[in-house]
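Remarks on the overall topology
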Amino acid sequence: MARTDLRAGLNKGHPTTAIPKAVRPSQRKGVQSTKTKFVRSVIREVAGFSAYERRVLELLRNSKDKKARKLTKKRLGTLLRSKRKLEELSGVIQESRRAAH
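Report follows, based on the coordinates. Fair warning: this is a prediction, and the values are worked out from it, not measured in the lab.

Moving on, we get to the packing of helix α3 (residues 65-76) against helix α4 (residues 79-100). Closest axis-to-axis distance for the α3/α4 pair is 8 Å, and the angle between their directions is 125°. As summarised for this structure, α3 and α4 are arranged oblique, according to the angle between their axes. Handedness of the crossing formed by α3 with α4: right-handed. Residue-level contacts link A68, R69, T72, K73 and L76 of α3 to L79, R81, S82, K85 and L86 of α4. Broken down by class, the residue content of the contact of α3 with α4 amounts to 4 nonpolar, 2 polar and 4 charged.

So, in structure tokens, the structure goes:
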């Protein structure tokens, strides 16, 4: 809201022009750049999956979700990381099914 020269009320105070705040690097943390996304996809294509990821893929294909969640949590440390990894791997399974048909 624009300020008026009044002493009291919702718009009290001397009228000034708002200076737009610059975006800090810390506010961009976690936003994935296109370059990073591309590099990760190339590495995934070249290196493939690690041993535990292959095991988790097999568990997910055999609908042993709880066992897969336990394994990823043990390997990755937190439940949130585990959930993200399971989401990623289940997406891989769905893509492979789409490619097969």
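Further remarks concern the pattern of salt bridges. Between side chains of opposite charge, a pair can form as their charged atoms come close. Per the counting criterion, the structure on display carries 5 salt bridges. The closest approach of N and O atoms between E88 and R44, which form a salt bridge, is 2.8 Å. A residue pair is termed long-range when its members are at least 10 positions apart, and E88 in helix α4 and R44 in helix α1 (residues 34-47) qualify at 44 residues. Given a relative accessible area of 36%, E88 falls into the partly exposed group. Between K85 and E53 there is a salt bridge whose closest N-O contact spans 2.7 Å. One end of the pair, K85, is in helix α4; the other, E53, is in helix α2 (residues 51-61), and 32 residues separate them in sequence. By the burial criterion, K85 is buried, and E53 matches it.

Its boundaries defined by the atoms lining it, the largest pocket holds a volume of some 210 Å³. Within the residue set of the lining of the largest pocket, elements represented by two or more residues are α1 and α4. Per-element accounting of the lining of the largest pocket gives the leading share, 4 residues, to α1. Its residues assigned to classes, the lining of the largest pocket comprises no nonpolar, 2 polar and 5 charged. When its volume is computed, the second largest pocket comes out at roughly 160 Å³. If you go around the second largest pocket, the residues you meet are R44, F49, E88, G91, V92, E95 and S96. No other element matches α4, which puts 5 residues into the lining of the second largest pocket. Residues of the lining of the second largest pocket, tallied by class, amount to 2 nonpolar, 2 polar and 3 charged.

Cut-offs and rules
- Residues numbered from 1 in each chain as written.
- Predicted model: local features only at pLDDT ≥ 70, side-chain atom pairs only at ≥ 80, totals over all residues.
- Heavy atoms only, no water.
- Axes fitted to C-alpha atoms, helices over the stretch in contact; angles between N-to-C directions.
- Helix = DSSP H or I, 4+ residues; strand = E, 2+ residues; numbered from the N terminus.
- Parallel < 35°, antiparallel > 145°, perpendicular 65-115°, else oblique.
- Left-handed = near helix turned anticlockwise from the far one by under 90°.
- Contact = heavy atoms within 4.5 Å.
- Nonpolar A, V, L, I, M, F, W, Y, C, P; charged D, E, K, R; others polar.
- Salt bridge = Lys/Arg side-chain N within 4 Å of Asp/Glu carboxyl O.
- Buried < 20%, exposed > 50% of the residue type's maximum accessible area, 1.4 Å probe, protein only.
- 1 Å grid on protein atoms, 1.4 Å probe; cavity = no way out; pocket = protein on both sides within 12 Å on 5 of 7 lines; lining within 4 Å.
- Points joined across faces, edges and corners; volume = space filled by probe spheres on them.

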